[in-house]
There are 2 protein chains.
Amino acid sequence: MSQQVYSAPKVNKELGKQVSDYINSLTKPLGSLGRLEEIAIKLAEMKNEAFPSVEPPGVLVFAADHGITDEGVSSYPQAVTAQMVHNFLSGGAAINVFSRQIGAYLNIIDIGVAQDIEHSSLINQKVRYGTANFYREDAMTREEAEKAIEVGYEQGLDIINKGCQCLILGEMGIGNTSASSAILAVLSNRDVTSLVGTGTGISQESLVHKVEVIKESIYKRNPNPQDPIDIISKVGGLEIAGMAGAMLAAASNRIPILLDGFICTIAGLLAKEISPNSADYMIVTHQSVEPGHQLAIALLGKKPILDLGLRLGEGTGAAIAYPIIQSATLMLKEMATFDSAGVSTKK
Amino acid sequence: MSQQVYSAPKVNKELGKQVSDYINSLTKPLGSLGRLEEIAIKLAEMKNEAFPSVEPPGVLVFAADHGITDEGVSSYPQAVTAQMVHNFLSGGAAINVFSRQIGAYLNIIDIGVAQDIEHSSLINQKVRYGTANFYREDAMTREEAEKAIEVGYEQGLDIINKGCQCLILGEMGIGNTSASSAILAVLSNRDVTSLVGTGTGISQESLVHKVEVIKESIYKRNPNPQDPIDIISKVGGLEIAGMAGAMLAAASNRIPILLDGFICTIAGLLAKEISPNSADYMIVTHQSVEPGHQLAIALLGKKPILDLGLRLGEGTGAAIAYPIIQSATLMLKEMATFDSAGVSTKK
């Protein structure tokens, strides 16, 4: 097994200061575009460009199944993962709609769906047929975890080489809020209870059961909090590892990463564990309803852009937020300065 | 003087219920697109269409001056209003950038700039050369207030007739946070102190002065809180009246109104006073930094979509939020249903 070293360059803080000064020369009251100004500065630092562009965005949706669904932690049957992959390939899912809206490249990757799916547009990179039930055994081997990260990394490189200027990661995997909650509990050393939510919509009774299953699974699997690969292999998900890998590819190429909701942010935390600098390339696009998301965002040291009560996944929240990030770049690129427009500055 | 009666049809709540049921059949967990689902339902109710469209948006920017600037309430000289109109006409202001981004029709209307502006693209509907200093005399006559509303109404009709499917109102007018704060204090019967902010960026010392000027002006002008035309004529602004008029045109044509920040929301409150149903056609796009905005939004009974620390005006916040509203319509129009996509529903 390869021991690939993932690394990301430092962001250019010096350029950020210059861009901040430039923004202050644009024809608008000082600071009046609020977070847009912050976003523009961050993008410049990431891309090492005074006038960074995020067009076109790339969207990668990783799909995989979770053995933990055997324990009744989800409100949807496992078959929905494959059914939704078909929906992605037919263009009818939410992420298809929003990807078209923002002119994104969209790739769907089978990194571990429990059944075979034949489709000319599907990228088949199946590492295994779903994870094992981590309540009873490790979700996957260490080699499989590393392989899933590599698959994600390669898919990230691939879409970046096609020209995408920012990266949105999405996922589909019935049961993946359970895996994500387990990963977060291990990384944060917090009790599972406060982190677990209703996922796609289970009852309060099922929620109590879900918490118990995850708690006991962590106890039995005992992942090493210092070792992200160990965490992934013991309680993780293939699509989560894939997303983390793609983020590492983006960060190593100075491509901004637009984080979606809970599961995606967990992948972001894993990427940060693997390569700390990679977090500097992440923008948290929205605050999800899932209870653990707030803690995950805090652990990344970020502030979400939107708070719209979203909890869909697939990368949808990031796609919905993308135009705001684009607005920030256009402000920088297209607005006149006080000088160029002949507008008086403050008295 | 004409006594035009402005009225808006009732929104179709019954259709809203049908659209809500339809959204629950789309391939996503129930309610998982949060506020997007609410927005889609509202738009259907407003437009009386099961699959409402908001494309293309129309943006009207009304520009006018304020005599109250003589009292030193603003950090920019009055001449900036005209200079910024030139900037709008050259395409270099923030609202130009964001209007291009969202493919909007954009019209710039001189409804009361203190100096003459010659430009082939400018719509000249000057009601008067700026308002009078309302610290010393009424801002305008009752007839001028009615005329400014009519100008706005006609401009609204005009851009709607060109095909715009939703309306964004913007303003430019040095001193207009003072007029807006005065209007809000009268409408809400609240003390001015808590409503007044730093506008485009005055000092704390100037802020105290601004509060005193507005307080005393209200006392001296004594507008009738039950009479929106009286409020406008005594402490209002021409561009604020114009925006209110354009909103009345939108509401009477079932065209959704995307409210921008503080000043625009004050115009929304005035439109609601003139025609209560018109408020049902308003969507508050963002929470501005200006202190009075929160109260103004509450008086309209709305919840903002974005909270990005914006305080620029010109309609920019609404333009930045527009793609999210568009996302809501595309969700409705383009997503597959569980049935059509062959995806299993909940267990």
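Position numbers for residues start from 1 in each chain and track the written sequence from start to end. Both sets of labels track the order of writing: A upward for chains, 1 upward for ligands. Only residues with pLDDT of 70 or above have their local features reported here, since the model is predicted, and side-chain atom pairs are shown and tallied only from 80 upward, although totals for entire chains, interfaces and linings are computed over all residues. Each side-chain value is worked out from all heavy atoms of the structure, with water and hydrogens disregarded.

Q: Just checking my understanding: could you explain the pairing of strand 4 (residues 166-172) of chain B for this structure?
A: Look at any regular strand and the pattern is simple: side chains alternate between the two faces of the sheet. Residue and element names in this part refer to chain B. Each residue is assigned to one of three classes by its accessible area relative to the maximum for its type, calculated with a 1.4 Å probe on protein chains only: buried under 20%, partly exposed between the two thresholds, exposed over 50%. The helix and strand labels rest on DSSP assignments: H or I over at least four residues marks a helix, E over at least two residues marks a strand, and numbering proceeds from the N terminus. Burial analysis of strand 4 places 7 of its 7 residues in the buried class, the great majority of the element. The criterion for strand pairing is that DSSP finds at least two bridges linking the strands in question. Pairing of strand 1 (residues 57-64) with strand 4 involves 7 bridges; the strand directions are parallel. For proline 57, the partnering residue across the bridge sits in strand 4 and is cysteine 166. Examined bridge by bridge, strand 4 and strand 5 (residues 257-259) share 2 bridges and lie parallel to one another. Bridging from a neighbouring strand, leucine 167 pairs with isoleucine 257 of strand 5.

Q: Can you walk me through the interface of chain B and chain A in this structure?
A: The accessible area lost on association of the parts is a frequent measure of interface size. Residue contacts are defined here by distance: any two heavy atoms, one from each residue, within 4.5 Å place the two residues in contact. Facing the 53 residues of chain B at the interface are 53 residues of chain A. Throughout, the accessible surface (probe 1.4 Å) given up by two parts as they are put together, summed over both, is called the buried area. Carbon and sulfur atoms supply 61% of the area that chain B and chain A bury against each other, a total of about 4,600 Å² over both sides. Only one rule defines a salt bridge in this text: a Lys or Arg side-chain nitrogen within 4 Å of an Asp or Glu carboxyl oxygen. Joining chain B to chain A, the criterion identifies 2 salt bridges. Identification of polar contacts relies on pairs of N or O atoms within 3.5 Å, with a donor-acceptor requirement for protein atoms, meaning one able to donate a hydrogen and the other able to accept it, and with residues adjacent in sequence counted only if both atoms are side-chain atoms. Across the contact surface, chain B and chain A share 20 residue pairs in polar contact (both at pLDDT 80 or more). Listed by contribution, the elements that provide at least two residues to the side of chain B that touches chain A are helix 2 (34-47), helix 3 (79-90), helix 4 (94-101), helix 12 (316-334) and helix 13 (338-341) of chain B. Residues were grouped as follows: Ala, Val, Leu, Ile, Met, Phe, Trp, Tyr, Cys and Pro as nonpolar; Asp, Glu, Lys and Arg as charged; and all remaining residues, including Gly, as polar. The residue makeup of the side of chain B that touches chain A, split by class, is 27 nonpolar, 19 polar and 7 charged.

Q: Explanation requested: the pattern of salt bridges in the structure shown.
A: A side chain with one charge may pair with a side chain of the opposite charge, provided their charged atoms come close. Tallied over the entire structure, the rule returns 26 salt bridges over all chains. With a shortest N-O distance of 3.5 Å, aspartate 158 of chain A and lysine 162 of chain A are connected by a salt bridge. What makes aspartate 158 of chain A partly exposed here is its relative accessible area of 34%. For arginine 128 of chain B, the salt bridge is made with glutamate 144 of chain B, and the minimal N-O distance between the two is 3.0 Å. Taken together, the positions of arginine 128 of chain B in the loop between strand 3 (123-124) and helix 5 (142-161) and glutamate 144 of chain B in helix 5 put the pair 16 residues apart, joining distant regions of the chain. The partly exposed category is assigned to arginine 128 of chain B, whose relative accessible area is 23%.

Q: Quick question: what am I supposed to make of the packing of helix 2 of chain B against helix 12 of chain B here?
A: When two helices pack together, their arrangement is given by the angle between the helix axes and the distance between those axes. Residue and element names in this part refer to chain B. One can describe the packing of helix 2 onto helix 12 by two numbers: an axis separation of 8 Å at closest approach and a directional angle of 80°. Between helix 2 and helix 12, the angle is such that the two are roughly perpendicular. Only Ile324, Ile325, Ser327, Ala328, Thr329, Met331 and Leu332 of helix 12 make contact with helix 2, whose side of the interface consists of Leu36, Glu37, Ile39, Ala40 and Leu43. Tallied by class, the residues present in the contact of helix 2 with helix 12 amount to 9 nonpolar, 2 polar and 1 charged. Axes here mean lines fitted to C-alpha atoms, for a helix over just the part in contact, with angles spanning 0 to 180 degrees between N-to-C directions. An angle counts as roughly parallel when it lies under 35 degrees, as roughly antiparallel when it exceeds 145, as roughly perpendicular when it falls between 65 and 115, and as oblique in every other case.

Q: Help me understand the relation of the copies chain B and chain A, please; the structure alone is not making it clear to me.
A: The operation linking the two copies of the chain is a rotation about an axis combined with a translation along the axis. Least squares is the method used to superpose the copies, on C-alpha atoms of residues holding a pLDDT of at least 70 in both. The two copies are related by a screw operation: chain B maps onto chain A through 180° of rotation and 0.0 Å of translation along the axis, at an RMSD of 0.0 Å. The transformation just described matches what one would write down for a two-fold rotation axis. When you check the interface residues of chain B against chain A, 100% turn up at the interface there too, and the contact is symmetric in its surfaces.

Q: When you look at the packing of aromatic side chains in this model, what are you seeing that I'm missing?
A: The relation between two aromatic rings is expressed through the spacing of the ring centres and the mutual angle of the planes. Residue and element names in this part refer to chain A. The criterion for an aromatic pair is that two Phe, Tyr or Trp rings (for Trp, the six-membered ring) have centres within 6.5 Å, with stacked assigned to planes under 30 degrees apart, edge-to-face to planes over 60 apart and tilted to the rest. Scanning the model with the defined rule gives 6 aromatic pairs over all chains in all. Pairing tyrosine 6 with tyrosine 153 gives two aromatic rings, centres 5.0 Å apart and planes at 50°, and the pair type is tilted. A residue pair is termed long-range when its members are at least 10 positions apart, and tyrosine 6 in the segment before helix 1 (13-23) and tyrosine 153 in helix 5 (residues 142-161) qualify at 147 residues. Counted as over-ring charges are cases with an Arg CZ or a Lys NZ within 6 Å of the ring centre that also lie within 35 degrees of the ring normal. One cation-aromatic arrangement involves lysine 220 over tyrosine 135; the distance from NZ or CZ to the ring centre is 3.8 Å.

Q: For this particular structure, what's the right way to read the nonpolar core?
A: Among soluble globular proteins, nonpolar side chains are generally buried collectively. Nonpolar core, defined: a set of buried Ala, Val, Leu, Ile, Met, Phe, Trp, Tyr and Cys residues in which side-chain atoms within 4.5 Å join the residues together. Leu33, Leu169, Met247 and Ile324 of chain A together with Leu33, Leu169 and Met247 of chain B are the most contacted members of the largest nonpolar core, which has 269 residues in total. Not counting residues within four places of it along the chain, the set of residues in contact with methionine 247 of chain A comprises Leu169, Ile257, Leu259, Cys264, Ala267, Gly268, Ala271 and Met282 of chain A.

Q: Honestly, helix 4 of chain B in this entry has me stumped. Any pointers?
A: An α-helical turn contains 3.6 residues, so any two residues separated by three or four positions project in the same direction. Among the 8 residues in helix 4 of chain B, 6 count as buried, and that is most of the element. Taken as a whole, helix 4 of chain B has its buried residues at Ala94, Ile95, Asn96, Val97, Phe98 and Ser99 of chain B. Each element contacted by the buried residues of helix 4 of chain B is listed here: helix 2 (34-47) and helix 12 (316-334) of chain A together with strand 1, helix 3, strand 2 (105-112) and helix 12 of chain B. With its phi angle positive at about 65°, glycine 103 of chain B sits one or two positions after the end of helix 4 of chain B.

Q: Looking at this structure, how should I read unusual backbone geometry?
A: What you tend to see is this: most non-glycine residues have negative phi, and most peptide bonds are trans. For the peptide bond that leads from glutamate 55 of chain A to proline 56 of chain A, omega is -10°, which places it in the cis range. Phi is positive for asparagine 222 of chain A, which is not a glycine, with a value near 50°. Tracing the chain through its elements places asparagine 222 of chain A in the loop between helix 7 (204-221) and helix 8 (228-235). A relative accessible area of 56% places asparagine 222 of chain A in the exposed class. Notably, asparagine 189 of chain B is not glycine yet its phi reads approximately 55°, a positive angle. By the secondary structure assignment, asparagine 189 of chain B is in the loop between helix 6 (176-188) and helix 7 (204-221).

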